[in-house]
Amino acid sequence: MEVHKDVLEPAQGVINQRRSAGYPTGIWVQIELGEGDAGLDRLVDQCLETMLPGEVCRVDGLLGVQFVLKLASFEDGKEAWELDVNGKMERAARDREMGGKAFRDGNLEGAERRYARALRLLVCTPGEAEEERIALLSNLAACDLKKGRLREAEVRCTRVLDKEPKHLKALYRRGMARAGMSDWTGARADLENLLKLDPGNKEARREILKVREKQKNEQAQISKALGKMFL
């Protein structure tokens, strides 16, 4: 759904203009629902979905946030199921780009929402979308790592590597996920494979030194424990 001339007006200046938001405040603006990546933007979307043209809504949100929203007019847009293959790929590419921006800004929720939505758009598309799907899975794995979801990151990277064994980012991210789960053998294998493909990768070279040291210490502890068993 596309919304025309809706206005988000600060109520007595209580909205912090430095907040991370896709929708501007204090002006009339045309927006497309679902295109804001901040939490407050999604609250705006929820309000607009229930409003009629000309209706004014005052919202008291969390953390003392207040705003006045007025809907001037709206028109229906195309739903995902109405798009042809090219339309789905274009929308998915836009979501991946905006997801990347959200990720760089530290907005992991916004990035995940964009990447996941793009991936859903491409579920039933033909083979030409495979490269885009691979990139989205790898990006979602990066979000998993940032949020400490190591097993999920490993699974997503494995899906990528099953289709593209030389995917550098997936090798690095799976290596990091495995290292975080103390799977030193798996982490070392991924990072060594990455360095064979990209010998100049400084991050991988730094991390593999840590992994080798951890693996060495673990093996020493195991040997010591086994030695005590036979005393």
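The preceding data block contains the structure.
This is a predicted model, so every value here is computed, not measured.

Looking at this structure, I do not really get the overall build of the protein. What am I missing?
Scanning the protein from N- to C-terminus turns up eight helices and five strands. In the protein, the succession of α and β elements from N to C terminus is β-β-α-β-β-β-α-α-α-α-α-α-α. Relative to its 231 residues, the protein shows a buried fraction of 39%. Partitioning the contacts of the protein with sequence separation of at least 6, the portion at a separation of at least 24 is 49%. Accessible surface computed for the protein: about 13,600 Å², of which carbon and sulfur atoms make up 52%.

Mind showing me how you'd approach the pattern of salt bridges here?
Should the charged atoms of two oppositely charged side chains come close, the side chains can pair. Counted according to the given criterion, the structure contains 19 salt bridges. One salt bridge in this structure joins Lys101 and Asp105, with 3.0 Å as the shortest N-O distance. Accessibility expressed as a relative area gives 43% for Lys101, which makes it partly exposed. You can call Asp105 exposed: its relative accessible area is 52%. The partner of Arg178 in a salt bridge is Asp190, with the nearest N and O atoms 3.1 Å apart. Note that Arg178 is positioned in helix α6 (residues 168-180) and Asp190 in helix α7 (residues 184-197), a separation of twelve residues in sequence. Each of the two residues, Arg178 as well as Asp190, counts as buried. Each of the salt bridges in this network shares a partner with another, and the network as a whole consists of Glu109, Glu112, Asp144, Lys147, Arg149 and Arg156.

I would appreciate a short explanation of α6 in the present structure.
Within an α-helix, residues lying three or four positions from one another point in the same direction, as the helix has 3.6 residues per turn. Relative to the 18 Å expected for 13 residues at 1.5 Å per residue, α6 spans 18 Å between its end C-alpha atoms, a close match to the ideal helical length. Looking at α6, one finds that the buried residues are Ala170, Leu171, Tyr172, Arg173, Arg174, Gly175, Ala177, Arg178 and Ala179. Two residues or fewer past α6, Ser182 is found with a positive phi of approximately 65°.

Help me understand the nonpolar core, please; the structure alone is not making it clear to me.
One recurring pattern in soluble globular proteins: nonpolar side chains tend to sit buried together. With 30 residues, the main nonpolar core has Tyr115, Leu136, Leu191, Ala204 and Val211 as its most contacted residues. Top element by residues in this core is helix α4 (residues 130-146). It accounts for six residues. Those residues in contact with Ala204 that sit more than four places away from it in its chain are Tyr172, Leu191, Leu194 and Leu195.

Explain the state of the cysteines here, please?
As used here, a disulfide is simply a covalent bond connecting the sulfur atoms of two cysteines. Following the criterion strictly, the structure yields zero disulfides and no others. The closest cysteine sulfur to the non-disulfide-bonded Cys47 is located on Cys57, 4.6 Å from its own sulfur. The buried category is assigned to Cys47, whose relative accessible area is 12%.

Just checking my understanding: could you explain the packing of α6 against α7 for this structure?
Axes are the key here: two packed helices are described by the angle between their axes and the distance separating the axes. Running from amino to carboxyl end, α6 crosses α7 at an angle of 155°, the nearest separation of the two axes being 8 Å. Between α6 and α7, the crossing angle belongs to the class labelled roughly antiparallel. Remark: the crossing between α6 and α7 carries left-handed chirality. Along the contact surface, α6 presents Leu168, Leu171, Tyr172, Arg174, Gly175, Arg178 and Ala179, while α7 presents Trp184, Gly186, Ala187, Asp190, Leu191, Asn193, Leu194 and Leu197. Broken down by class, the residue content of the contact of α6 with α7 amounts to nine nonpolar, three polar and three charged.

Procedures and definitions
- All chains use their own residue numbering, which begins from 1 and follows the written sequence.
- Owing to the predicted nature of the model, reporting of local features is limited to residues with pLDDT of at least 70; listing and counting of side-chain atom pairs is limited to 80 or more, with chain, interface and lining totals taken over all residues.
- Values reported for side chains reflect all heavy atoms of the structure, with hydrogen atoms and water molecules removed beforehand.
- Secondary structure follows DSSP: runs of H or I at least 4 residues long count as helices, runs of E at least 2 residues long count as strands, and numbering of each begins at the N terminus.
- Per-residue accessibility, obtained with a 1.4 Å probe over protein chains only, is compared with the maximum for each type, and a residue is labelled buried under 20%, exposed over 50%, and partly exposed between these values.
- Any pair of residues with heavy atoms lying within 4.5 Å of one another is described as a contacting pair.
- Only the protein chains shown count as cover for residues, and the accessible areas themselves come from Shrake-Rupley with a 1.4 Å probe.
- A pairing counts as a salt bridge when a side-chain nitrogen of Lys or Arg comes within 4 Å of a carboxyl oxygen of Asp or Glu.
- A helix is expected to span 1.5 Å for every residue after the first.
- Within this scheme, the nonpolar core is defined by two criteria: the residues are buried Ala, Val, Leu, Ile, Met, Phe, Trp, Tyr or Cys, and they are joined through side-chain atoms within 4.5 Å.
- When two cysteine sulfur atoms lie within 2.5 Å, the pair is treated as a disulfide.
- Simply put, an axis is a line fit to the C-alpha atoms, just over the touching stretch for a helix, and the angle between two N-to-C directions goes from 0 to 180 degrees.
- Orientation categories follow fixed angle ranges, with anything under 35 degrees roughly parallel, anything over 145 roughly antiparallel, 65 to 115 roughly perpendicular, and all other angles oblique.
- Working rule for handedness: look at the near helix, and if it is turned counterclockwise from the far one by less than a right angle, call the crossing left-handed; if clockwise, right-handed.
- Throughout, the ten residues Ala, Val, Leu, Ile, Met, Phe, Trp, Tyr, Cys and Pro are labelled nonpolar, Asp, Glu, Lys and Arg are labelled charged, and all others, Gly among them, are labelled polar.

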